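# Descriptive structure summary
Spelled out, the chains give:
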Amino acid sequence: QVQLVESGGGLVQAGGSLRLSCAASGLTFSRYAMGWFRQAPGKEREFVAAISRTGASTNYADSVKGRFTISRDNAKNTVYLQMNSLKPEDTAVYYCAAVLLAYGVKSSPRDFGSWGQGTQVTVSS
């Protein structure tokens, strides 16, 4: 049974930083591409960032390029999202997700079969 557990969310002032972590279990982590998504109240879930199973490829939403960095440690079965220069519009519940994928990355929520419970990120102005 695949389990993804996010942590690291919280309340931060605009311009601040947070680092989210997602610990995976119940899967061969190195076979899975990973993604981060977010959902704000009243809005659809949207893509934030993704990373290939080896970490060689990454992809970002335009809204976070240059501010967020996705990375992974396959020895620790963990994927990270470093978020810098946070803005109030980054406020959302952040979810990590996994997809069995040999090469490349995915960015559509429909492509991901396993999801975490989410962690709240609130950015105050």
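Summarised in this report is the structure supplied together with it. What you are looking at is a predicted structure, and each value in this text was computed from that prediction instead of being measured.

Right, let's get into the sheet that holds strand S7 (residues 68–73). Strand order in this open sheet of four strands is S1-S3-S8-S7, and the pairing throughout is antiparallel. In this open sheet, the two strands that pair with only one neighbour each are strand S1 (3–7) and S7. Shown here is a sheet whose adjacent strand axes are inclined to one another by a mean of 15 degrees, direction ignored. The pairing of strand S3 (residues 18–25) with strand S8 (residues 78–83) spans six bridges and is antiparallel. Looking across to S8, one finds that Ala23 is bridged to Thr78.

Positive phi outside glycine occurs at Asn77, with the angle close to 55 degrees. Inspection of the secondary structure puts Asn77 in the loop between S7 and S8. Its identity as a non-glycine residue notwithstanding, Ser85 has a phi of 50 degrees, on the positive side. Secondary-structure assignment places Ser85 in the loop between S8 and strand S9 (92–100).

Criteria and thresholds
- Here the residue index of a chain counts from 1 through its sequence in written order.
- Predicted model: local features are reported for residues with pLDDT of at least 70 only, side-chain atom pairs are reported and counted for 80 or more only, and whole-chain, interface and lining totals are derived from all residues.
- Only hydrogens and water are set aside; all other atoms, that is, all heavy atoms of the structure, feed into the side-chain values.
- A pair of strands is labelled paired if DSSP reports no fewer than 2 bridges between them.
- Each helix is a run of DSSP H or I of at least 4 residues and each strand a run of E of at least 2, with the numbering of both proceeding from the N terminus.
- Interaxial angles span 0 to 180 degrees and are taken between N-to-C directions of axes, which are lines fitted to C-alpha atoms, for helices over the stretch in contact.

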